[in-house]
Amino acid sequence: MGLPDSSQDLSTEMEVDAFRRIFPLRFFERHLSESLRPDARPLGKARDTIVNPGLVSTADGSALAKIGSTTMLAAIRMEVMTPSTDSPDEGCIALEFHMPPICSPTVRPGRPADAAPVISKRLTDTILSSGMIDLKELCLVSGKAAWMGYLDIYCLNADGALFDAALLSAVAAFSNLEIPVVALNDNGRIVAISGGKDEDNASIIEKKAVNKEKRKLTLKNIPFSLTCILHKNYILADPTTEEESIMDTLVTVVLDASDQLVSLYKSGGTVLAYSSAVKSCVELARKRAKELKQILGEMDID
Amino acid sequence: MEYVNPEGLRLDGRRFNEMRQIVAEVGVVSKADGSAVFEMGNTKVIAAVYGPREIQNKSLQKKNDHALVLCEYSMAQFSTGDRRRQKFDRRSTELSLVIRQTMEACILTELLPHSQIDIFLQVLQADGGTRSACINAATLALADAGIPMRDLAVSCSAGYLNSTPLLDLNYVEDSAGGTDVTVGILPKLDKVTLLQMDAKLPMETFETVFALASEGCKAIAERIREVLQENTKQLEYRRAA
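Residue indices begin from 1 for each chain and proceed along its sequence in written order. By the order in which they are written, chains take letters starting at A while ligands take numbers starting at 1. Note on the predicted model: pLDDT of at least 70 is required for a residue's local features to be given, and 80 or more for side-chain atom pairs to be given and counted; whole-chain, interface and lining totals, by contrast, use all residues. Think of the side-chain values as coming from all heavy atoms in the structure, minus any hydrogens and water.

**Section: the nonpolar core**
Residue and element names in this part refer to chain B.
Next, step 1: What makes a nonpolar core is a set of buried Ala, Val, Leu, Ile, Met, Phe, Trp, Tyr and Cys residues whose side-chain atoms join them at distances within 4.5 Å. Each residue's exposure class comes from its accessible area (1.4 Å probe, protein chains only) as a fraction of the maximum for that residue type: buried when under 20%, exposed when over 50%, partly exposed otherwise. Formed by 60 residues in total, the largest nonpolar core has its most connected members in Phe38, Met103, Ile119, Leu121, Leu140, Leu142 and Ile220.
Next, step 2: With 10 residues, the single largest contributor to this core is helix 4 (residues 203-240).
Next, step 3: Residue contacts follow a heavy-atom distance rule, with two residues in contact if any of their heavy atoms lie within 4.5 Å. Apart from the residues lying within four places of it in its own chain, the contact partners of leucine 140 are Ala24, Val26, Ala36, Phe38, Ile224, Val227 and Leu228. Only DSSP runs of H or I with at least four residues qualify as helices, and only runs of E with at least two residues qualify as strands; both kinds are numbered from the N terminus onward.

**Examining the interface of chain A and chain B**
Next, step 1: Each side of the interface is counted separately: chain A has 29 residues, and chain B has 27 residues.
Next, step 2: Each reported salt bridge corresponds to a side-chain nitrogen of Lys or Arg within 4 Å of a carboxyl oxygen of Asp or Glu. Our count for the contact surface shared by chain A and chain B stands at 1 salt bridge.
Next, step 3: Any pair of N or O atoms that falls within 3.5 Å is considered a polar contact. Within protein, one atom must be able to donate a hydrogen and the other to accept it, and sequence-neighbouring residues count only if both atoms are side-chain atoms. At the boundary of chain A with chain B, the tally comes to 8 residue pairs in polar contact (both at pLDDT 80 or more).
Next, step 4: Those elements that place two or more of their residues in the side of chain A that touches chain B are strand 3 (70-81), strand 4 (92-98) and strand 6 (145-157) of chain A.
Next, step 5: At 5 residues, strand 6 of chain A tops the list of elements feeding residues into the side of chain A that touches chain B.
Next, step 6: Within the side of chain A that touches chain B, the residues separate by chemical class into 15 nonpolar, 8 polar and 6 charged. Gly is placed with the polar residues, together with every amino acid not listed as nonpolar (Ala, Val, Leu, Ile, Met, Phe, Trp, Tyr, Cys and Pro) or charged (Asp, Glu, Lys and Arg).

**A short note on the UniProt feature "domain: Exoribonuclease phosphorolytic" (unreviewed entry) in chain B**
Next, step 1: UniProt positions are given in the numbering used here, feature names are shortened, and annotations may be inferred rather than shown by experiment. Per the UniProt entry, the sites bearing "domain: Exoribonuclease phosphorolytic" (unreviewed entry) are residues 18-148 and 151-215 of chain B in this numbering.
Next, step 2: Helix makes up 26% of residues 151-215 of chain B and strand 43%. Its end C-alpha atoms lie 17 Å apart.

**A few points about the packing of aromatic side chains**
Next, step 1: Pairing of aromatic rings covers Phe, Tyr and Trp, the last counted by its six-membered ring, and requires centre-to-centre distances within 6.5 Å; plane angles under 30 degrees mean stacked, over 60 mean edge-to-face, and any other angle means tilted. All chains considered together, the criterion is met by 5 aromatic pairs over all chains.
Next, step 2: When the centroid spacing of 5.5 Å and the interplanar angle of 55° are considered together, the rings of A:Phe19 and A:Phe23 count as tilted.
Next, step 3: The exposure class assigned to A:Phe19 is buried, which follows from its relative accessible area of 6%.
Next, step 4: An angle of 90° between the planes, with centres 5.4 Å apart, marks the rings of A:Tyr154 and B:Phe78 as edge-to-face. Remark: B:Phe78 occurs in the loop between strand 4 (68-75) and helix 1 (90-106) and A:Tyr154 occurs in strand 6; the pair is interchain, linking two chains.
Next, step 5: Any Lys NZ or Arg CZ found within 6 Å of a ring centre and within 35 degrees of that ring's normal is scored as a charge over the ring. Just above the ring of A:Tyr265 sits the side chain of A:Arg122; from NZ or CZ to the centre is 3.7 Å.

**Digging into the pattern of salt bridges**
Residue and element names in this part refer to chain B.
Next, step 1: Tallied over the full model, the rule gives 24 salt bridges over all chains.
Next, step 2: Between glutamate 173 and arginine 14 there is a salt bridge; the shortest N-O distance is 3.9 Å. Residue glutamate 173 is located in helix 3 (residues 171-174), and its partner arginine 14 is located in the segment before strand 1 (22-26); the two are separated by 159 residues in the primary sequence. Accessibility classification places glutamate 173 together with arginine 14 in one group, the buried group.
Next, step 3: One connected set of salt bridges, linked through shared partners, spans Arg10, Asp12, Arg14, Arg20, Asp127, Asp168 and Glu173.

**Digging into the UniProt feature "domain: Exoribonuclease phosphorolytic" (unreviewed entry) in chain A**
Residues and elements named next belong to chain A.
Next, step 1: Sites flagged by UniProt as "domain: Exoribonuclease phosphorolytic" (unreviewed entry) map to residues 46-180 and 222-287.
Next, step 2: Annotated as 23% helix and 35% strand, the span residues 46-180 places its first and last C-alpha atoms 36 Å apart.
Next, step 3: The span residues 222-287 is 29% helix and 39% strand, and its two end C-alpha atoms sit 15 Å from each other.

**Side note on the pairing of strand 11 (residues 250-256) of chain A**
Residues and elements named next belong to chain A.
Next, step 1: Strand 11 sits mainly inside the fold: 6 of its 7 residues count as buried.
Next, step 2: Where strand 9 (residues 223-231) lies against strand 11, 7 bridges are found, and the strand directions are antiparallel. Across the sheet, threonine 227 pairs through a bridge with threonine 252, a residue of strand 11.
Next, step 3: Between any two strands, pairing holds if DSSP finds at least two bridges. Examined bridge by bridge, strand 11 and strand 12 (residues 261-266) share 5 bridges and lie antiparallel to one another. When the bridges of strand 12 are listed, valine 254 appears paired with serine 263.
Next, step 4: Between strand 11 and strand 12, which pair antiparallel in sequence order, lie 4 residues; one of them, aspartate 259, sits at a positive phi of approximately 60°.

**Remarks on unusual backbone geometry**
Next, step 1: A cis geometry characterises the amide bond from B:Gly51 onward to B:Pro52, with omega recorded as -5°.
Next, step 2: Residue placement: B:Pro52 occurs in strand 3 (residues 43-53).
Next, step 3: Look at A:Ala161: it is not a glycine, yet its phi comes out positive at around 55°.
Next, step 4: Within the element layout of this structure, A:Ala161 appears in the loop between strand 6 and helix 5 (162-176).
Next, step 5: The phi dihedral of B:Ser163 is positive, around 55°, even though this residue is not glycine.
Next, step 6: By the element assignment, B:Ser163 lies in the loop between strand 6 (154-161) and strand 7 (164-167).

Encoded structure:
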């Protein structure tokens, strides 16, 4: 336990807010014993999730995802590049996760947050290994030109479950993405066609538009994730920053739409998990994947 | 290229003395002590204020009996037409300094000694006038954080194209090669805190453009006051409930 029993005596006299600050673990355990959390959520329930596509007009695809207060803004810009010689038919995705100082009081300017490059890498690995995007769809002219998609995710408010929100915003941004129309000009170079209002441009589009039909990516095997905290015998789904700072054992499960396991992540922590705990996390993730799938489905219809 | 057509309409259909549409909201970042979103047309900026809090880098503290004000301006990679390569270029550093000094002039730093006030600005979309949008957003965020200020700092830009002074330039008008005057004022005290101008301009024309920008600032100040009053009403309502 670690804490002496003095807290037992003080708890009846102290104000709730003070008790929460001074004895955070006991405060949470009081709630956990009733199978609840301070914000009245049951242990396995995630916070309210909202996804808003198409917010950034300067980007080719964008989305804002909010899980509770955690807010992520993802935007994709496409640029043409020469594909590498070992994969001449494939494009490329470059993902970067930023945590600007506005998102949290712990991020100092000039010093990138510790969590940012870790989440960056995990996101890249998850998205590429889930097979959501077929890189061959990003090819324009085999061996000569292909799309490079720069996905930038900005955390605007960090309140726990950063990976989940970032993944959701990335997936939503890809589904919102509209690849710009391009044509091959006389020098063999790819040029962008801007809206096609000019008469010259219109004729180019008719004759040489390389990808007039293929403007949206087909997304298969969309990954959905859920982060859980393990504490003694309890499993808390979708933690807030306060919960993450007190209890340090986090498990992230990523499933795809067909209930296949894409990735599992538990990087240490004081609690050692039995396989039964891991199975429970996967079960919670399965339910969450259904919720998220419905939310994304509603977003696409708009 | 014609930026003002013979009927007096600009490229986006505005008249010479019309500002772009303003959308302002406070309390958007729950983790921050004060925050605001400020949009001027397509330019969108988020400001977050953390403070007053303990000074994190004692070596930066110059005056012991005044609060330390730090400001960081950064643009998102997707905010401009081309994806930006470097996160912190010279322009961001210059703007951070300019905005810090503007806000420092209006915060009552002597009331908060031995503390630090952090102002973070994130540009999500840039379409001209980011400097002004940042100052306006910072003012709202500081008010939301409850930091004492002598007045609201508001800012607006104006330019001169096709022999017409134009209020609130967007990116296309700004890059036309004409002049761009950015003015920051404290409206109640009627004092100028920020004044930046580039390109050449005759003196009389400058005075017209400057007056136009000041008018724009006063209109923004009205809007900011309305937003803050509405916010206070909401807080009162919630507290009573």
